[in-house]
Amino acid sequence: MKVGVIGAGVMGRGIAQVSAMAGHKVVLFDINHEVLEAAKTAVTKNLNKAIELGKLSEEGKRSAEDNMQYTNSIADVRVELIIEAIVERLDVKTKVLADLAEINGESTIYASNTSSIPLTQIAANFVYPKQVVGIHYFNPAHIMKLVEVISAEQTSPEVVKVALEYVKSVNKTCVVAKDAPGFIVNRVARHFYVEGLKILEEDVASHDVIDDLVRASGFKMGPFQLMDLIGVETNLSVTESMYKLFNYDQKFRPNRIQQKKAQAGYYGRKSGKGFYTYE
Ligand SMILES: NC(=O)c1ccc[n+]([C@@H]2O[C@H](COP(=O)([O-])OP(=O)(O)OC[C@H]3O[C@@H](n4cnc5c(N)ncnc54)[C@H](O)[C@@H]3O)[C@@H](O)[C@H]2O)c1
C-alpha cells in the first residue's frame, strides 16, 4: 500500500518508519525542512538500533530506507492511505485534509492520529466523510505495540476494514474504539498527568520525586517524564480538548503549571527543556 504520513514530528516519523519496515511505500511530508531532516536522522538511528538488537537485518534496513520518501511538497502525497499526525488543532487538520483531498480524491483513506479531537467532527468538516477514520498510535510509535482504530459516525465499514488490515500489516495490536473523548487509552491515562500536576501544584512533592515514586511502583515512566516525551504543549492540548468535551468536568481541568511551560516553549525533549533539561 502507498502510505502518506503528514507531519514528521514526534509521532509522524515513527509511524512512517514502521510502515516502511512493513513494506509499504511511504511519503513523509512536513512543512518544516529541519523537522524532516531530524526525522531522517531519527529513523536511521532507530533502524541501526534495531540491527544492534538483532531485530533487523542490514537488508531490512536498506529496504525500509528505500521505501521512504521525505518531502516538503504536499503535491508529492499521492497515496492510498493518509495518516495525518500534525498539531492537535481541528482548524489546522481540517485545512490540510482539504488540501490532500484535492490531490488524492475520494478513493483514498484519510486517517488521523489525533489523541482527542472527535473523528466525527473531523469527518463532518471533510468532503469525503465516509473515508475518515482514526488510526491512533502511541509514543514512541516504533516501539509501542498498541494502536487504536476509531470509527467516526460517518466512517464506512470498508474503510475500518482497510484500517485494521493496515494496522495488522505493521505488526501492531489493534483495538477498535468508538468515537468518544480520549477514546480508551487517553481517557484512562489523563488522570495520570492531571493528578501528578495537582500533587505538584499543592507542593506535596517535587516533579522528580513524584516520577521516582511512580517508577518505583512499577511504571516505566512518571507523569512528568512522560509529558516531556509526548510534548508538554501537545499533552496540554489533549487535556484542554478533553476538558471541553467532558463539559468542563473538573477531573480534566488543565493545570496552570503546564500552561506556563507550554507558553514558555518548554515543550520537553523536543525543545531541550520541559520539566527536565536535556542535552
Ligand atoms: N506526542 C505524542 O505522544 C502523541 C501520541 C499519540 C498521538 N499524538 C497526536 O499526533 C499528532 C501529532 O503529534 P506530535 O506529537 O507528533 O506533534 P509534533 O508537534 O511533534 O509534530 C507535528 C508536526 O506537524 C508539522 N506540521 C504542522 N502543520 C503542518 C501542516 N499544515 N502540514 C504539514 N505538517 C505540518 C510540524 O512541522 C511538526 O513537525 C497530534 O494530533 C497528537 O495529538 C501525539
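Residues numbered from 1 in each chain as written. Predicted model: local features only at pLDDT ≥ 70, side-chain atom pairs only at ≥ 80, totals over all residues.

Examining the overall build of the chain
Inference 1: When helices and strands are counted, the chain shows 11 helices and eight strands.
Inference 2: Computed over its C-alpha atoms, the radius of gyration of the chain comes to 19 Å, within 12% of the 19 Å expected for a compact globule of 279 residues.
Inference 3: In terms of its C-alpha atoms, the chain occupies a principal-axis envelope of roughly 55 × 45 × 30 Å.
Inference 4: Out of the 279 residues in the chain, the part that is buried amounts to 46%.
Inference 5: Counting contacts in the chain only where the partners sit at least 6 residues apart, residues at least 24 apart contribute 64% of the total. (Helix = DSSP H or I, 4+ residues; strand = E, 2+ residues; numbered from the N terminus. Rg over C-alpha atoms; globule rule 2.2 N^0.38 Å. Buried ≥ 20, exposed ≤ 12 C-beta atoms within 10 Å, placed from the backbone. Contact = placed C-beta atoms within 7 Å.)

Quick notes on the site of the ligand
Inference 1: Around the ligand lies a shell of 28 residues, among which Gly7, Gly9, Met11, Asn139 and Ile230 are the nearest.
Inference 2: Elements with a contribution of two residues or more to the shell around the ligand: helix 4 (90-104) and helix 10 (232-245).
Inference 3: Partitioning the shell around the ligand into residue classes produces 16 nonpolar, 10 polar and two charged. (Near = placed C-beta within 6 Å. Nonpolar A, V, L, I, M, F, W, Y, C, P; charged D, E, K, R; others polar.)

Examining the sheet that holds strand 7 (residues 146-151)
Inference 1: Strand order across the open sheet formed by eight strands is 3-2-1-4-5-6-7-8, with mixed pairing between neighbours. Edge positions in the open sheet fall to strand 3 (68-71) and strand 8 (173-178), since each of these has one partner strand only. Here the average twist between neighbouring strands, direction ignored, is 25°.
Inference 2: Here strand 1 (residues 2-6) runs beside strand 2 (residues 25-29); their pairing, made up of five bridges, is parallel. From the neighbouring strand, lysine 2 faces strand 2, where its bridge partner is lysine 25.
Inference 3: Sheet strands touched by helix 4: strand 1, strand 4 (81-84) and strand 5 (109-112). Its angle to strand 4, the strand with the most contacts, is close to 165°. (Pairing = 2+ DSSP bridges. Axes fitted to C-alpha atoms, helices over the stretch in contact; angles between N-to-C directions.)

Describing the domain arrangement of the chain
Inference 1: Partitioning the chain into structural domains gives domain 1 (2-178) and domain 2 (185-270).
Inference 2: Just the C-alpha atoms count here: the centres of domain 1 and domain 2 sit 25 Å apart.
Inference 3: Every contact between the two is made by eight residues of domain 1 and, on the other side, 11 residues of domain 2.
Inference 4: Of the residues that constitute the side of domain 1 that touches domain 2, the class distribution is three nonpolar, three polar and two charged. (Domains from an automatic or database assignment.)

Quick word on the nonpolar core
Inference 1: In this structure, Leu28, Ile82 and Val133 are the most contacted members of the largest nonpolar core, which totals 56 residues.
Inference 2: The leading source of residues in this core is helix 1 (residues 12-21), at five residues.
Inference 3: Listed in part, the 18 residues of the second largest apolar core include Phe224, Leu226, Met242 and Phe275. (Core = buried A, V, L, I, M, F, W, Y, C linked by C-beta atoms within 7 Å.)

Focus on the environment of glycine 182
Inference 1: Looking at the secondary structure, you find glycine 182 in the loop between strand 8 and helix 7 (185-201).
Inference 2: You can call glycine 182 buried: it has 20 C-beta atoms within 10 Å.
Inference 3: Separated by 68 residues in the primary sequence, glycine 182 and threonine 114 have C-alpha atoms spaced 9.2 Å apart.
Inference 4: Once you skip the residues sitting within four places of it in the chain, glycine 182 turns out to touch Ser116, Arg187, Arg190 and Met242.

With respect to the pairing of strand 1
A regular strand carries its side chains on alternate faces of the sheet.
Inference 1: Within strand 1, four of the five residues are buried, which leaves it mostly tucked inside the rest of the structure.
Inference 2: Regarding the hand of the β-α-β motif, the stretch spanning strand 1, helix 1 and strand 2 is right-handed. (Right-handed = clockwise from strand over helix to strand, strands pointing away.)

A look at the packing of helix 10 against helix 11 (residues 256-264)
Inference 1: Axis separation between helix 10 and helix 11 bottoms out at 9 Å; the angle between their running directions is 130°. With respect to their mutual orientation, helix 10 and helix 11 come out oblique. In terms of crossing hand, the pair formed by helix 10 and helix 11 is left-handed. Here Val232, Glu233 and Leu236 of helix 10 lie close against helix 11, whose contacting residues are Gln258, Gln259, Lys261 and Ala262.
Inference 2: A breakdown of the residues in the contact of helix 10 with helix 11 according to their chemical character gives three nonpolar, two polar and two charged. (Parallel < 35°, antiparallel > 145°, perpendicular 65-115°, else oblique. Left-handed = near helix turned anticlockwise from the far one by under 90°.)

Thoughts on the environment of serine 237
Inference 1: Position of serine 237 relative to the elements: it lies in helix 10.
Inference 2: Considering only alpha carbons, one finds serine 237 and glycine 265, 28 residues apart in sequence, at a separation of 14 Å.

Here's the deal with helix 4
Inference 1: End to end, helix 4 covers 20 Å across 15 residues, agreeing with the expected 21 Å (1.5 Å per residue, within 8%).
Inference 2: Considered for burial, the residues of helix 4 that qualify are Lys93, Val96, Leu97, Leu100 and Asn104. For helix 4, the arc enclosing every buried residue in end-on projection is 100°, short of the 170-degree limit, so these residues lie on one face. Among the exposed residues of helix 4, those oriented more than 90 degrees off its buried face are Asp91, Ala98 and Glu102.
Inference 3: Buried residues along helix 4 sit in contact with strand 1, strand 4, strand 5 and helix 5 (119-124).
Inference 4: Positive backbone phi, at 75°, marks glycine 105, one or two positions downstream of helix 4. (Expected span 1.5 Å × (residues − 1). Arc of directions from axis to C-beta.)

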